[in-house]
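Structural overview
Here's the letter readout for the chains.
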Amino acid sequence: MFIAPSVTPWRYQIPSGIEPAHNPGARLIKYDRTTGKQLDIIQYYVSLDVINADNTFEWLFGYNATSLYGINDITAASMDTLINKMTGANSQEFHKFVLWYNTNVNSTTSYPCDTKCYTSVMCGLRYLTKEQFESCIAGASTNGTAGLNINYLLSLCLMLPLFCILRVCVRY
């Protein structure tokens, strides 16, 4: 769910054009060093608009995941709670997610997300294999929903400590 932000604003080409620009970002993971429990994510970013206008580079605080999304921690159970709060393309939680997807770029204009986009994002959050993802998309086209798979949650439990190893971690 919390894909690593890019430190560069590089944009990649997609079949329908070029991906929107995004602000550089860095993320700290707060965790309990005794248990390894993931407690929070602290997101920082650099505003390309400010850099381009003022020629200054400054890391800005973006969010704490627990505060932004109203969750207790960033464990699999809390991620399940958060995903279940994302009830549609217009839900407040989903809008926050899309806003930060490109590290706080004005997502409502540069990265619009309609129902088809919502379904694609939700299936991507819930399923880790191409086959599961495609099945979710196909199921959503027939019944209008994107189902939940417990394998996603189990994989998340295994991946978050790895993300922490790959980034600077905040001591609890």
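In case you missed it, the structure is sitting above this.
An account of the accompanying structure is given in this report. Because the structure is a prediction, the values reported are computed rather than measured.

Moving on, we get to the state of the cysteines. A complete count under the given rule lists one disulfide for this structure. Between the sulfur of C123 and that of C136 lies a disulfide, 2.0 Å long from S to S. Given an S-S torsion of about -70 degrees, the disulfide between C123 and C136 has left-handed geometry. Remark: C136 occurs in helix α7 (residues 130–143) and C123 occurs in helix α6 (residues 115–126); sequence separation between them is 13 residues. This pair shows no difference in class: C123 is buried, exactly as C136 is.

As a further point, take the environment of R126. With respect to the helices, strands and loops of the structure, R126 is situated in helix α6. For the pair formed by R126 and D80, sequence separation is 46 residues and the distance between their alpha carbons is 9.3 Å.

Moving on, we get to the nonpolar core. Within the largest apolar cluster, 26 residues are counted, with the highest numbers of intra-cluster contacts made by M1, F2, Y69, M86, F94 and L125. Examining the composition of this core, we find that five residues originate from one element, α6, more than from any other.

Take the pattern of salt bridges next. Counted by the stated rule, this structure contains two salt bridges. Close ionic contact of D73 with K37 constitutes a salt bridge, the shortest N to O distance being 3.2 Å. Of this pair, D73 sits in the loop between α2 (65–69) and α3 (76–85) while K37 sits in the loop between β3 (25–31) and β4 (38–45); the two residues are 36 residues apart in sequence, bridging distant segments of the chain. Look at D73 and you get buried, because its relative accessible area is 8%. Where K130 meets E134, a salt bridge forms, and the shortest distance between an N and an O atom there is 3.9 Å. On the criterion of helical spacing, the pair formed by K130 and E134 is a turn pair, its members being four residues apart in helix α7.

Definitions and cut-offs
- Residues numbered from 1 in each chain as written.
- Predicted model: local features only at pLDDT ≥ 70, side-chain atom pairs only at ≥ 80, totals over all residues.
- Heavy atoms only, no water.
- Disulfide = S-S within 2.5 Å.
- Helix = DSSP H or I, 4+ residues; strand = E, 2+ residues; numbered from the N terminus.
- Buried < 20%, exposed > 50% of the residue type's maximum accessible area, 1.4 Å probe, protein only.
- Core = buried A, V, L, I, M, F, W, Y, C linked by side-chain atoms within 4.5 Å.
- Salt bridge = Lys/Arg side-chain N within 4 Å of Asp/Glu carboxyl O.

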